[in-house]
Amino acid sequence: MSRQVLPKKTHRCDLLPHAMNGGKKAAVRELLRAWRSTARQVSSEQWQLFFEHGAFNRQAKIIYPDDPIGAARVQMVRYQVVGMLFSFIANRASEFRHTVEKSSLDRETKHQLHVINRIGAWFSRDPVTMTAASEPIADDIRRLARSIMRCVISRYRRPSMRRINAVIDQRSVAWGPAETATGFPLWATLKTMERQKAKDGKPSKAFQEIHVPLVPYRHHLERTGRRCLGLQVNEADDGNITFAIVTETTAAFADSREHYAPAVEMVSLDFGLRTMFATDDGDLFGRTWFETIKCYDAKITALARTAQKAGRKPRRDPAFKAAVTRLRGFVKTEIGRVLNRIVAVKKPRSLALERLNFRSPDLSRRMNRILQNCGRSVIRAKLQDLFERFGITADEVNPAYTSQECSACGYVDKRNRKQDTFKCLHCGHTAHADVDGARSVGSRRSRPTWQPHLTKAEVLDLLVTQFVKRHPGGRVSTGAGPWQTNPYFAKIRRAV
């Protein structure tokens, strides 16, 4: 999280509900079915190009005589599918590099494999030549590269096009403010699958159009930036259709970063379910959201029990899925609201957070799993948004024992904390437990030895060692004090 790099272009996507009647909904669903069918054909042929010629090709002139969506929309589908496949292969290229680095191959072979990986020539039939050599890379190295890449790809399921959403450009869609209608301020004109009739009554090449009333919300209307001319048509798992408008925010975010004036260098945060975020200077944000989550937990558990009694799997039950969707929306909204409030009040240059854990013994296993799956991604996305919007960086520290470590003297003991109160058994320091955890997070950020990947045992060893070094020849060496009954200091007591 500390190595954040600004993208060349930033975009924000706003999902807008609609007010279509049944006939228009049917026309949009028919378009989505045809779009996804074409995407599956394009994906299959692009994979064939990849394994035969070594690369995807978004310019490939592939004709689908039995496809009803038209040549222009086929091209849109191809660009969308190839973009997804490029992203998939880019991730696999990173794994290829790690696999080669961890292998026992000699240095020269590794270097040649890295060259093949860097230019994406795993399956290419063209010769690959090293920069400093005139001879191409040997065939046995090329075969090894193909074998490694096939193995890496086989570990993952390839991108599925069965539920792909339609990304339609201005050739087939147009949207803008209402010209004469007064009920809805925004309308989209969308080409459907129906052909217009010519003068002789036969179908022509042109497609019929429908006019879709959109329902914009305040955040969309207030968002600054350049609106893209195209439109995304999305269908959720429950069959609900939404239309997404993408706004390019590159210039707007650059301006907000330039005018953002940090008031403090860093704010460290302790995340918890009872209190969403506690800061190192004593502020508590999101103190009531846990009660709402418990209400959602009770509703979702009851709906799951009802579905199971009826012989249905909860994830296929419409009421259960709707409740989970509402919960995820609540989590996203509350996390965004609280982090926006922290930035508005504190104006930090950087944030320090612990590696997040969305679990609580007061919630059901199902709720813990749902929060674990969606919560981390929501916070990471919001932190990326703050970085792009204001330039606020975020550093992740190892969270082990932050709730038990005294931020004043460094003594770690699970008896230090009792619910929301922290009282150090060594120095007597007293504070709100979450605030003390936030201060421990801030102190760890400044220490380069506290890497997020350390195990809990390694973190505990560091904590105990550092505490003993702070008190040389003191009561630790004599065995007096609360550490005499603290199992964390057992190794120290044996050494004494």
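Right above here is the structure, for reference.
Residues numbered from 1 in each chain as written. Predicted model: local features only at pLDDT ≥ 70, side-chain atom pairs only at ≥ 80, totals over all residues. Heavy atoms only, no water.

J.: Would you explain the pairing of strand β5 (residues 203-214) in this entry?
T.: Sheet analysis places strand β4 (residues 186-197) next to β5, joined by 8 bridges and oriented antiparallel. Bridge pairing links L186 to L214 in β5. (Pairing = 2+ DSSP bridges. Helix = DSSP H or I, 4+ residues; strand = E, 2+ residues; numbered from the N terminus.)

J.: Could you clarify how one ought to interpret the pattern of salt bridges in this entry?
T.: Opposite charge on two side chains permits pairing when their charged atoms draw close. By the definition in use, this model includes 22 salt bridges. As a salt-bridge pair, D317 and R312 come within 2.8 Å of each other at their nearest N and O atoms. For D317, a relative accessible area of 5% translates into the label buried. Put simply, R389 and D385 hold a salt bridge, and the shortest N to O gap is 3.0 Å. One end of the pair is R389 and the other is D385, both in helix α9 (residues 365-390) and 4 residues apart, which spans about a single turn. We classify R389 as partly exposed; its relative accessible area is 23%. Among the charged side chains, a network of salt bridges with common partners joins R12, K382, D385, E388 and R389. (Salt bridge = Lys/Arg side-chain N within 4 Å of Asp/Glu carboxyl O. Buried < 20%, exposed > 50% of the residue type's maximum accessible area, 1.4 Å probe, protein only.)

J.: Explanation requested: the sheet that holds strand β14 (residues 417-418) in the structure shown.
T.: The strands making up a sheet associate through hydrogen bonds between their backbones, and the pairing can be parallel or antiparallel. Spatially, 3 strands are ordered β14-β15-β16 in an open sheet, and the strand pairing comes out antiparallel. Each edge of the open sheet carries a strand with a single partner, namely β14 and β16 (430-432). The sheet contact formed by strand β15 (residues 421-423) and β16 spans 3 bridges and is antiparallel. Within β16, the residue paired with F422 across the bridge is A431.

J.: Explanation requested: the environment of R143 in the structure shown.
T.: Position of R143 among the secondary structure elements: in helix α4 (residues 139-154). Distance in space between the C-alpha atoms of R143 and I300 is 52 Å, their sequence separation being 157 residues.

J.: Explain the packing of helix α7 (residues 289-309) against helix α8 (residues 318-346) here, please?
T.: Relative placement of two packed helices is described by the angle separating their axes and the distance separating the axes. The contact between α7 and α8 brings their axes to 9 Å, and the two run at 165°. Taken together, the axes of α7 and α8 are roughly antiparallel relative to one another. Judged by the sense of rotation from one axis to the other, the crossing of α7 with α8 is left-handed. Seen from α7, the contacting residues are W289, T292, I293, Y296, I300, L303 and A304; seen from α8, they are A319, F320, A323, V324, R326, L327, F330, V331 and E334. (Axes fitted to C-alpha atoms, helices over the stretch in contact; angles between N-to-C directions. Parallel < 35°, antiparallel > 145°, perpendicular 65-115°, else oblique. Left-handed = near helix turned anticlockwise from the far one by under 90°. Contact = heavy atoms within 4.5 Å.)

J.: Can you help me understand the side chain of N117 in this one?
T.: Counting through the fold element by element, N117 comes out in helix α3 (residues 107-118). A polar side-chain atom of N117 sits 3.2 Å from the main-chain carbonyl oxygen of A93. (Polar contact = N/O pair within 3.5 Å; in protein donor to acceptor, adjacent residues only side chain to side chain.)

J.: Looking at this structure, how should I read the layout of surface pockets?
T.: Picture a little ball the size of a water molecule; that probe, rolled over the atoms, points out where space is still empty. Empty space within the largest pocket amounts to approximately 2,300 Å³. Lining the largest pocket are 45 residues, with L15, R328, G329, K332 and T333 positioned closest to its centre. (1 Å grid on protein atoms, 1.4 Å probe; cavity = no way out; pocket = protein on both sides within 12 Å on 5 of 7 lines; lining within 4 Å. Points joined across faces, edges and corners; volume = space filled by probe spheres on them.)

J.: Hey, could you run me through the sheet that holds β4 in this one?
T.: Pairing within the open sheet is antiparallel, and its 3 strands lie in the order β3-β4-β5. Every interior strand has two partners, whereas the edge strands, β3 (173-177) and β5, have only one. Adjacent strand axes in the sheet meet at a mean angle of 25°, parallel and antiparallel pairs treated alike. Contacting β4 and β5, helix α1 (residues 22-53) runs over the sheet at an angle of about 70° to β4.

J.: Got a minute to help me understand the environment of Q308 in this structure?
T.: Mapping Q308 onto the fold places it in helix α7. Put simply, Q308 and S87 are 221 residues apart on the chain and 38 Å apart in space, counted from C-alpha to C-alpha. Those residues in contact with Q308 that lie beyond four places of it in its chain are P314 and R366.

J.: Which parts of the structure should I look at to understand a positive patch on the surface?
T.: A contiguous patch of positive charge on the surface is contributed by R359, R365, R369 and R376. Within the element layout of this structure, R369 appears in helix α9. With relative accessibility at 44%, the residue R369 sits in the partly exposed group. (Patch = residues over 30% accessible without salt bridge, like charges linked within 9 Å, V, L, I, M, F, W, Y side chains within 5 Å. Areas by Shrake-Rupley, 256 points an atom, 1.4 Å probe, with all protein chains shown as cover. Lys, Arg positive; Asp, Glu negative; His and termini not counted. Charge placed at Lys NZ, Arg CZ, Asp CG, Glu CD.)

J.: It is not clear to me how helix α6 (residues 250-259) should be interpreted in this structure. Could you clarify?
T.: Each α-helix winds once per 3.6 residues, and so residues spaced three or four apart point in a common direction. Along α6, the residues classified as buried are A252, F253 and S256. Viewed end-on, α6 has its buried residues packed into an arc of 95°, placing them on one side of the element. Every exposed residue of α6 that faces more than 90 degrees away from the buried side is listed here: A251 and E258. In the core, the buried residues of α6 are packed alongside β1 (11-16) and α9. (Arc of directions from axis to C-beta.)

J.: Hey, could you run me through the packing of α1 against helix α2 (residues 71-102) in this one?
T.: Running from amino to carboxyl end, α1 crosses α2 at an angle of 55°, the nearest separation of the two axes being 9 Å. As the angle between them shows, α1 and α2 are arranged oblique. Two packed elements cross with a definite hand, and for α1 against α2 that hand is right-handed. Here L31, W35, T38, A39, V42, S43, Q46, W47 and F50 of α1 come into contact with α2, specifically with R73, V74, M76, V77, R78, Q80, V81, V82, L85, F88 and I89. Here the contact of α1 with α2 is composed, by residue class, of 14 nonpolar, 4 polar and 2 charged. (Nonpolar A, V, L, I, M, F, W, Y, C, P; charged D, E, K, R; others polar.)

Function cannot be inferred from these measures alone, as they are strictly geometric.
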